[in-house]
Amino acid sequence: MRIMVTGASGYLGQVIQRVLAREHEVAAYGHRQVAAHRQPLDLREAAAVTAAVERLQPDAVVHCAAYRDPDFCEQHPAEAWRLNVESARALLASLPAAARFLFISSDYVFDGVHPPYPEDGERHPINYYGRTKVAAEDLVLARGNGIVLRVPLLVGPGPRFQQSGFIAKAAQTIEEQAVSEWDDVIQRFPTAIDDVAAAVAFLLEREDTAGIYHFSQRTGGTQYAWVQRLADIMGVPRARLQPARSLVARPARRPVNSQLANRRLAALGFDRQTDFETVARQVLATRCP
Ligand SMILES: NC(=O)c1ccc[n+]([C@@H]2O[C@H](COP(=O)([O-])OP(=O)(O)OC[C@H]3O[C@@H](n4cnc5c(N)ncnc54)[C@H](OP(=O)(O)O)[C@@H]3O)[C@@H](O)[C@H]2O)c1
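Since this is a predicted model, take the numbers as computed values, not measurements.

Caption draft 1: Layout of unusual backbone geometry. Going from proline 115 to proline 116, the amide bond is cis rather than trans, its omega being -5°. Mapped onto the fold, proline 116 is located in the loop between strand S5 (100-106) and helix H5 (128-141). For glutamine 57, which is not glycine, the phi dihedral falls at a positive 50°. With respect to the helices and strands, the residue glutamine 57 is situated in the loop between helix H2 (46-56) and strand S4 (60-63).

Shown next as structure tokens:
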């Protein structure tokens, strides 16, 4: 297949680009971070999107690009809508009907009150980021062969240690601070970016896939619980970590437990669950000595 990957310079997109390139011709697009094997494309410019799709004539699009920081989206709603919703509209409008479209969505489409959520669970976002994901999902699902893949908090090695998400930030904090405080309220299901990329390839390589899929690590825990496990790997005493039992006020509300149930992917026989310790060691191995 000839596959267009948006957000290929991002945390998840760079792995999806690498995994898909093993079997397919991949045309990868970033925005500000350009590289030899990646083209710049501002997805907010509908005319540029149309021109890129018409030039490429892809068999499939994997749409990863988005503003993914819920606080940014809450504070810049027009900007968030423009990228998170309108870019999907522009891509879909110029794509031939037979081409596949896989959209990366989020567990934040749910309110977190009644977990675990099946693929057909009722969406009820409690922040603006979640609302943009719901709106983009609807555009994708209106296309008969559209695929929505919802994922939760992602973990894994980025291009550099500093770009390796939650695990890198937590490792740095627990090393630098004699005592650090960690949220002990919200349940998180840190899911390996390599596993998500494998799920994307699996869904695209089958011809009978369409609609909504969930992919999440099954084990949940609060930030405090996950950081305790990270501290064990790093040899940092758990006594240096403190639980925070009330939520810090932030611009965007977060669901308390938006656990995704992977029913449809499991029914198709896809089940990769790289455990947290393995991913944490992969991330820590990318640190400069
Ligand atoms: N990370 C998570 O924990 C998480 C959890 C659930 C769902 N998701 C979803 O997964 C997807 C990928 O997230 P991520 O963590 O990989 O995000 P990320 O690291 O922030 O990457 C965002 C990507 O979007 C691109 N982008 C930004 N503005 C653009 C524009 N105007 N035109 C074209 N591209 C633009 C960026 O390009 P440049 O960097 O080149 O500017 C980058 O490649 C998103 O849809 C996100 O909502 C992520």
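Caption draft 2: Spotlight on the pairing of S5. Summarising burial for S5: seven of the seven residues are buried, a large majority. Here S5 shows no split at all, with Arg100, Leu102, Ile104 and Ser106 on one side and Phe101, Phe103 and Ser105 on the other all buried. The pairing of S4 with S5 spans four bridges and is parallel. Note on S5: the bridge partner recorded for alanine 60 is arginine 100. Pairing of S5 with strand S6 (residues 146-151) involves six bridges; the strand directions are parallel. Its bridge partner lying in S6, phenylalanine 101 is registered against glycine 146.

Caption draft 3: Spotlight on the sheet that holds S6. Reading across from one edge, S3-S2-S1-S4-S5-S6-S10 is the order of the seven strands in this open sheet, with parallel pairing throughout. A strand with exactly one partner marks an edge of an open sheet, and here the two such strands are strand S3 (39-40) and strand S10 (211-214). Here strand S1 (residues 2-6) pairs with S4 via four bridges, running parallel. Bridged to isoleucine 3 within S4 is alanine 60. Across the sheet, H5 is in contact with S5, S6 and S10; its angle to S5 comes to roughly 160°. Along the sheet face, helix H7 (residues 193-205) touches S4, S5, S6 and S10 and points at about 160° away from the line of S6.

Conventions we followed
Residues numbered from 1 in each chain as written. Predicted model: local features only at pLDDT ≥ 70, side-chain atom pairs only at ≥ 80, totals over all residues. Helix = DSSP H or I, 4+ residues; strand = E, 2+ residues; numbered from the N terminus. Buried ≥ 20, exposed ≤ 12 C-beta atoms within 10 Å, placed from the backbone. Pairing = 2+ DSSP bridges. Contact = placed C-beta atoms within 7 Å. Axes fitted to C-alpha atoms, helices over the stretch in contact; angles between N-to-C directions.

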